[in-house]
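# Remarks on the overall topology
Residues per chain, in single letters:
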Amino acid sequence: MLCFAGASNVINHGLPDNSTGFSEQIANHFELPLHKIALRGASNDFLIRSILEFLKIKTPTLLIVAWQSWERVEWLYEGKIFQVASSGIEFLPIGLHDRYKEWVIQQSDNQTAMGQKTHNRIWYLHDKLIQQQIPHLFYNEMYPFFVEHGDKDWNKSFIGPYTNNLSCYWYIKNQGIEPDKSYHFGINGHTAWAKLLIDYIEENKII
């Protein structure tokens, strides 16, 4: 099984119905059934929590994770979990609006600390996957890590963790493929990213 975790690009948002996005292309190439852990606007909090829950019941042949921008978080409110980002308030209940406005002000000053915290949590997950001998490959959806306390050696498990041009968005854009207004790519962009991931997995013998 290929378990692919991420946000809107992983669920093919912006592609025509029944299109074969990069997650499907990779699963088809390696002849693996595909399971997605993905949510539009997903935070890294959501991804880490959901992956750890999934690993309690399943062991994938390969886990691929598209890590999201570091300001995204999730909040529990009245028994429900909400994904929170600096881009908008419209999907949050009225009861969270004051908290959200305060959070937007604070998070601009705490971006480095937030990035460092997320960096450390992803490293913890990476270490856990190594201990469980689960092949995995990470990449950044939009931006690399911004950290103060040095780069970590991810071996071959992370594509360009500290390199902007190896994030999914910038790699595809640098191929001359333009996104839509919501930063999503069409089938040409998905195919370009699928090829990079497939080549990387094969060249580095990830599985």
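One can find the structure itself at the top, above this paragraph.
The structure displayed is predicted, hence computed values, not measured ones.

To continue, consider the pattern of salt bridges. Applying the stated criterion across every chain yields a total of six salt bridges. Arg49 serves as the salt-bridge partner of Glu53, at 3.9 Å between the closest nitrogen and oxygen. Linking Glu53 with Arg49, this pair stays in helix α2 (residues 44–55), spanning four residues, or about one helical turn. Overall, the relative accessible area of 42% leaves Glu53 in the partly exposed class. Several salt bridges converge on common partners, so that one network encompasses Arg49, Glu53 and Glu74.

So, on to helix α1 (residues 22–29). Counting buried positions over the eight residues of α1 gives six, a clear majority of the element. The complete set of buried residues in α1 reads Phe22, Ser23, Glu24, Gln25, Ile26 and Ala27. Looking at the packing, one finds that the buried side of α1 touches β1 (2–6), β2 (34–38), β3 (62–67), β6 (136–140) and α6 (187–203).

Here we take up the environment of Glu178. Structurally, Glu178 is set in the loop between α5 (168–174) and α6. On the basis of relative accessible area, Glu178 is assigned to the exposed category, the value being 52%. Along the backbone, Glu178 and Ala5 are 173 residues apart, and their C-alpha atoms lie at a distance of 23 Å. Sequence-distant contacts of Glu178, defined by excluding residues within four places in its chain, comprise Lys173 and Phe185. A distance of 3.5 Å separates a polar atom in the side chain of Glu178 from a polar atom in the side chain of Lys173.

Residues Phe4, Ile26, Ile64, Tyr139, Trp193 and Leu197 are the most contacted members of the largest nonpolar core, which totals 30 residues. Looking at this core, the elements with two or more residues in it are β1, α1, β3, β6, α5 and α6. For this core, the element with the highest residue contribution is α6, accounting for eight residues. Once residues lying within four places of it in the same chain are set aside, the contact partners of Leu197 are Phe4, Ile26, Leu137, Tyr139 and Ile159. Counting residues in hydrophobic clusters, the runner-up holds 23 residues, among them Cys3, Phe54, Ile134 and Phe158.

Looking now at unusual backbone geometry. The backbone of Glu78 sits at a positive phi, close to 50°, despite the residue not being glycine. By the element assignment, Glu78 lies in the loop between β4 (73–77) and β5 (80–84). One non-glycine residue, Asn155, adopts positive backbone phi at about 55°. With respect to the element layout, Asn155 can be found in the loop between β6 and β7 (158–159). For Asn155, a relative accessible area of 62% corresponds to the exposed category.

Our next topic: the packing of α1 against α6. As a packed pair, α1 and α6 sit with axes 8 Å apart at the nearest point and diverge in direction by 40°. The orientation of α1 relative to α6 falls into the category oblique. Once α1 is placed against α6, the crossing between them reads as right-handed. Taken together, the residues of α6 that come into contact with α1 (itself represented by Phe22, Gln25, Ile26 and His29) are Ile187, His190, Thr191, Trp193, Ala194, Leu197, Ile198, Ile201 and Glu202. Considered class by class, the residues forming the contact of α1 with α6 number eight nonpolar, four polar and one charged.

Calculation criteria
Residues numbered from 1 in each chain as written. Predicted model: local features only at pLDDT ≥ 70, side-chain atom pairs only at ≥ 80, totals over all residues. Heavy atoms only, no water. Salt bridge = Lys/Arg side-chain N within 4 Å of Asp/Glu carboxyl O. Helix = DSSP H or I, 4+ residues; strand = E, 2+ residues; numbered from the N terminus. Buried < 20%, exposed > 50% of the residue type's maximum accessible area, 1.4 Å probe, protein only. Contact = heavy atoms within 4.5 Å. Polar contact = N/O pair within 3.5 Å; in protein donor to acceptor, adjacent residues only side chain to side chain. Core = buried A, V, L, I, M, F, W, Y, C linked by side-chain atoms within 4.5 Å. Axes fitted to C-alpha atoms, helices over the stretch in contact; angles between N-to-C directions. Parallel < 35°, antiparallel > 145°, perpendicular 65-115°, else oblique. Left-handed = near helix turned anticlockwise from the far one by under 90°. Nonpolar A, V, L, I, M, F, W, Y, C, P; charged D, E, K, R; others polar.

Taken by themselves, the reported measurements are silent on function.
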